[in-house]
Every structure is written in structure tokens, then in C-alpha cells.
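# Structure assessment
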Amino acid sequence: MRLKDKVAVITGAGSGIGRTAALIFSREGARVAVVDNNAKKGEDTVSRIIENGGEAIFVQTDVSRSEEVEKLFKITVEKYSAVHILYNNAGIFLPNQDRMVTGIAEETWDLVLNVNLKGTFLCCKYGIPEIIKSEGGVVINTSSSAGVIGVPNCDAYTATKGAIISLTRSMAVEYGPKKVRVNCIVPTAIDTPMLNQSSKENLDFDEKKFFSTTPSGRYGTPEEVANMALFLASDEASYCTGGIFVVDGGITIT
Ligand SMILES: NC(=O)c1ccc[n+]([C@@H]2O[C@H](COP(=O)([O-])OP(=O)(O)OC[C@H]3O[C@@H](n4cnc5c(N)ncnc54)[C@H](O)[C@@H]3O)[C@@H](O)[C@H]2O)c1
């Protein structure tokens, strides 16, 4: 088992990529703190892990709220005595509200920055000290192709996903000497509820054109991203830090 005796905190684990990662990490021996602001979805992930013989707790947390994030790490350490892996996966994408800067309401801008960027910051702020106390570990952040190439009409989202790449690099330099590796995954067009909702609601999105112009010609699966996260979380990636790892079917090179 690749994560035997490890404790992992996975945010946004009530759905999509986060849920799949929680199931895969558990299968590989990790005890998992399943984090989501949606109790029903988070508890469902925990039930699935337990049905499969794994160990997990659900900690309902809005990652944009400092006091809730602080409590999340207290609860996790009380339960499992350590934190080795922090997978910052929770994020929101709001097509049709998140537009070009001249068309975004200030509340939308604040909401997207608070969940995607401040949420990552807060989980690192309260999680990294616990990882250091646990004699080192791994932070995995989540960007998007929207943080790497020019993607129109979602400027709050792109701002957060670009910033997460910069943050990953500075944290890798800062916390490397403390035995904390920090890496970032760049998923794109992964078949999850977020993608389904956004391609339905986003009037700019043309699925046929997308398939014909991307090298892989299809959407990715949550497993394809979670397997990258598993690699980065495991000791197999012991020399990887500050890295930006695309799981995008080639989209960012077109
Ligand atoms: N699906 C894609 O195509 C794609 C592409 C690029 C990047 N991403 C990124 O991958 C990550 C996961 O995306 P997904 O497609 O699995 O999304 P998803 O919508 O299926 O799951 C996201 C989860 O995050 C939770 N969440 C939302 N706000 C939260 C908050 N404030 N606090 C805690 N939990 C919260 C939701 O309840 C949900 O369970 C996101 O950061 C997203 O930006 C996804």
C-alpha cells in the first residue's frame, strides 16, 4: 500500500476529483479526513470508504472560514494524531456570473477568491504546522488550465488558479527544509459535476469544437487526476517539490 500509516486531509472530498481521491487514498492505506461544506456529500464519501473497509471521518468545513479550518485540523489531529498529506482540492467555478473583469459583480469576485485562493491559504496556514509536527509530508494544490493559458470569461477563477501556481512555488521553497513537499496539479476538463454543470450553463462552451481541437479528444476522468495526486502524496514522488503537474489531455500545449 502506497500510503500506509499516512493521514490525509482532502478538501472538496464530497464530489468529483476529491471524492475519488479520498477513495483511492483510503484504498492505499491512508486514514482520511473528508472535508466539504456540504454535509450530505461528505458523509456519503465517508460511508463509501467505510463500506470498502477503510478509515475516514467527515469534518464539515467551509474552507474560506478561518475558524472552521482551524477546527478541522484540531479534529483531525485529535482523531488520528498526525497530518501527513493536505490535498487542497475544494474549488468553485461560476460560469455566467464569473465573466470578464468589467462584467463581474464584486460579490462574485470575492466569493471565488475566498473559496479557491483564501481556502488554499487557510488550509496551508493551519495544516502545514501539523504536517511539520508529524515529521514532514506533502501539500497538493489545485490549479487549472485556466491558470496557465488564456481562458476568457471567468477572470476570478483564472486569477485564483494562476495565483495557486505562484503560491505553490514559494511554499515549496519555504517549507522544503522542513520536509514538506508542495506541488500543484493542473487538471482540465475532467468529467465531474463541476464540468457537467459548467458545460450546461456556460453558453460560450462548444463541446464538439473542444473535442476536435484537443489532443486527447475527450474529457479526463476523476481517477486520472486522483492517480496523479496519489503519486505526489506517496514516497515515490520524494524528489518532487514545487512542481506543476498537468493532467489535461494535452490542452495546455495546443
Ligand atoms: N472538473 C474540471 O474540469 C476541473 C478542471 C480544472 C480544475 N478543476 C479543479 O479541481 C477541483 C475539484 O473540482 P471538481 O470538478 O471535482 O468539482 P466538484 O464541484 O465536483 O467538487 C468540488 C467539491 O468542493 C466542495 N466545496 C465547494 N466549496 C467549498 C467550500 N467553501 N468549502 C469546502 N468545500 C467546498 C463542493 O461541495 C464539492 O463537493 C476544483 O478546485 C476545480 O477548480 C476541475
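Residues numbered from 1 in each chain as written. Predicted model: local features only at pLDDT ≥ 70, side-chain atom pairs only at ≥ 80, totals over all residues. Heavy atoms only, no water.

### Here's the deal with the overall build of the protein chain
Short version of the rule: Helix and strand assignments follow DSSP, with helices taken as H or I runs no shorter than four residues and strands as E runs no shorter than two, numbered in order from the N terminus. In this setup the radius of gyration rests on C-alpha atoms only. A globule is expected at 2.2 Å times the number of residues raised to 0.38. For every residue, the accessible area obtained with a 1.4 Å probe (protein chains only) is divided by the maximum for its type, and the residue is called buried under 20%, exposed over 50%, and partly exposed between those limits. A contact between two residues is defined here by any heavy atoms of the two lying within 4.5 Å. A 1.4 Å probe and the Shrake-Rupley method give the accessible areas. Residues count as covered only by the protein chains that appear here. Under this rule, positive means Lys or Arg and negative means Asp or Glu; His and the chain ends count for nothing. Where a charge sits is defined by one atom per residue type, namely NZ (Lys), CZ (Arg), CG (Asp) or CD (Glu).
The number of helices and strands found in the protein chain is eight helices and seven strands. In summary, the protein chain has a C-alpha radius of gyration of 17 Å against a globular reference of 18 Å for 254 residues, a match within 12%. In terms of overall dimensions, the protein chain has a C-alpha envelope of 45 × 35 × 35 Å along the principal axes. Expressed as a percentage of its 254 residues, the buried residues of the protein chain come to 51%. For the protein chain, the share of sequence-separated contacts (at least 6 apart) that also reach a separation of at least 24 residues comes to 71%. Counting every atom, the protein chain has about 11,800 Å² of accessible surface; 51% of that belongs to carbon and sulfur. Side-chain charges of the protein chain comprise 26 positive and 30 negative groups, with the mean position of each set lying 4 Å from the other.

### Topic: the state of the cysteines
By definition, a disulfide links two cysteine residues through a covalent bond between their sulfur atoms. The criterion, for reference: In this description, the term disulfide denotes a pair of cysteine sulfurs within 2.5 Å.
A complete count under the given rule lists zero disulfides for this structure. Among the cysteines around cysteine 184, which has no disulfide bond, cysteine 124 carries the closest sulfur, lying 11 Å off. Cysteine 240 forms no disulfide, and the closest cysteine sulfur to it belongs to cysteine 184, at a distance of 13 Å.

### Digging into the sheet that holds strand 6 (residues 180-187)
The condition is simple: Strand pairing follows a simple DSSP-based rule, namely that at least 2 bridges must link the two strands. The axes used here are C-alpha line fits, helices contributing only the stretch in contact, and every angle between their N-to-C directions lies in the interval 0 to 180 degrees.
Spatially, 3-2-1-4-5-6-7 is the arrangement adopted by the seven strands of the open sheet, whose pairing is parallel. Looking at strand neighbours, the two that pair on one side only are strand 3 (55-60) and strand 7 (244-247), the edges of this open sheet. Within this sheet the neighbouring strands show an average axis-to-axis angle of 20°, counted without direction. Looking at chain direction, strand 6 and strand 7 are connected through four bridges and run parallel. Bridged to proline 187 within strand 7 is valine 247.

### What to know about the site of the ligand
We count it as follows: One heavy atom suffices: a residue is near a molecule or strand as soon as one of its heavy atoms comes within 4 Å of it. In protein, a polar contact means a hydrogen-donor-capable atom and an acceptor-capable atom, both N or O and within 3.5 Å, with residues adjacent in sequence counting only if both atoms are side-chain atoms; elsewhere, any N or O pair within 3.5 Å suffices. Each residue gets one label: Ala, Val, Leu, Ile, Met, Phe, Trp, Tyr, Cys and Pro are nonpolar, Asp, Glu, Lys and Arg are charged, and the others, such as Gly, are polar.
In the vicinity of the ligand there are 29 residues, among which Ser15, Asp36, Tyr157, Ile190 and Thr192 approach most closely. Within the side chain of asparagine 37, a nitrogen or oxygen atom sits 3.3 Å from an oxygen atom of the ligand. Side-chain polar atom of aspartate 62 to a nitrogen atom of the ligand: 3.0 Å apart, as the coordinates give it. Sorting the residues of the shell around the ligand by element identifies helix 1 (16-27), helix 5 (155-175) and helix 6 (193-201) as the ones contributing at least two each. The class makeup of the residues in the shell around the ligand is 12 nonpolar, 13 polar and four charged.

### Some thoughts on helix 4 (residues 106-133)
Rules: A helix is expected to span 1.5 Å multiplied by its residue count minus one.
Look at helix 4: 39 Å from first C-alpha to last across 28 residues, which is about the 40 Å you get at 1.5 Å a residue. Glutamate 135, located one to two residues past helix 4, shows a positive phi value of around 70°.

### Some remarks on the packing of helix 1 against helix 8 (residues 222-233)
Our working rule: Oblique is the label for any angle not under 35 degrees, not over 145, and not in the 65 to 115 range, which are roughly parallel, roughly antiparallel and roughly perpendicular in turn. Rotating anticlockwise by less than a right angle from the far helix to the near helix defines a left-handed crossing, while the corresponding clockwise rotation defines a right-handed one.
One way to put it is that helix 1 packs onto helix 8 with a least axis distance of 8 Å and a crossing angle of 50°. In terms of axis orientation, helix 1 runs oblique to helix 8. The two elements helix 1 and helix 8 meet at a crossing, and its hand is right-handed. Each of Gly16, Ile17, Thr20, Ala21, Ile24 and Phe25 in helix 1 lies in contact with helix 8, whose residues at this interface are Pro222, Glu223, Val225, Ala226, Asn227, Ala229, Leu230 and Ala233. Looking at the contact of helix 1 with helix 8 residue by residue, the classes come out as 10 nonpolar, three polar and one charged.

### Side note on the environment of proline 222
Here proline 222 is to be found in helix 8. Residue class for proline 222 comes out buried when judged on its relative accessible area of 12%. For the pair proline 222 and proline 187, spaced 35 residues apart in sequence, the C-alpha separation works out to 9.3 Å. With near-sequence residues (within four places) excluded, proline 222 lies in contact with Gly16, Ile17, Thr20, Ile190, Asp191 and Thr192.

### Some words on the packing of aromatic side chains
Using the following cut-off: Stacked, edge-to-face and tilted are the three classes for Phe, Tyr and Trp ring pairs, Trp counted by its six-membered ring, which pair at centre distances within 6.5 Å; planes under 30 degrees apart are stacked, over 60 edge-to-face, the rest tilted. In this analysis the charged atom, NZ for Lys or CZ for Arg, is taken to sit over a ring once it is within 6 Å of the ring centre and within 35 degrees of the ring normal.
Applying the stated criterion across every chain yields a total of five aromatic pairs. Relative to tyrosine 87, the ring of phenylalanine 25 has its centre 6.3 Å away and its plane inclined at 20°; by these criteria the two rings are stacked. Of this pair, phenylalanine 25 sits in helix 1 while tyrosine 87 sits in strand 4 (residues 85-87); the two residues are 62 residues apart in sequence, bridging distant segments of the chain. By way of ring pairs, the aromatic residues Phe210, Phe211 and Tyr219 are connected into one cluster. When the ring centre of tyrosine 126 is taken as origin, the NZ or CZ atom of lysine 125, which lies over that ring, is 5.7 Å away.

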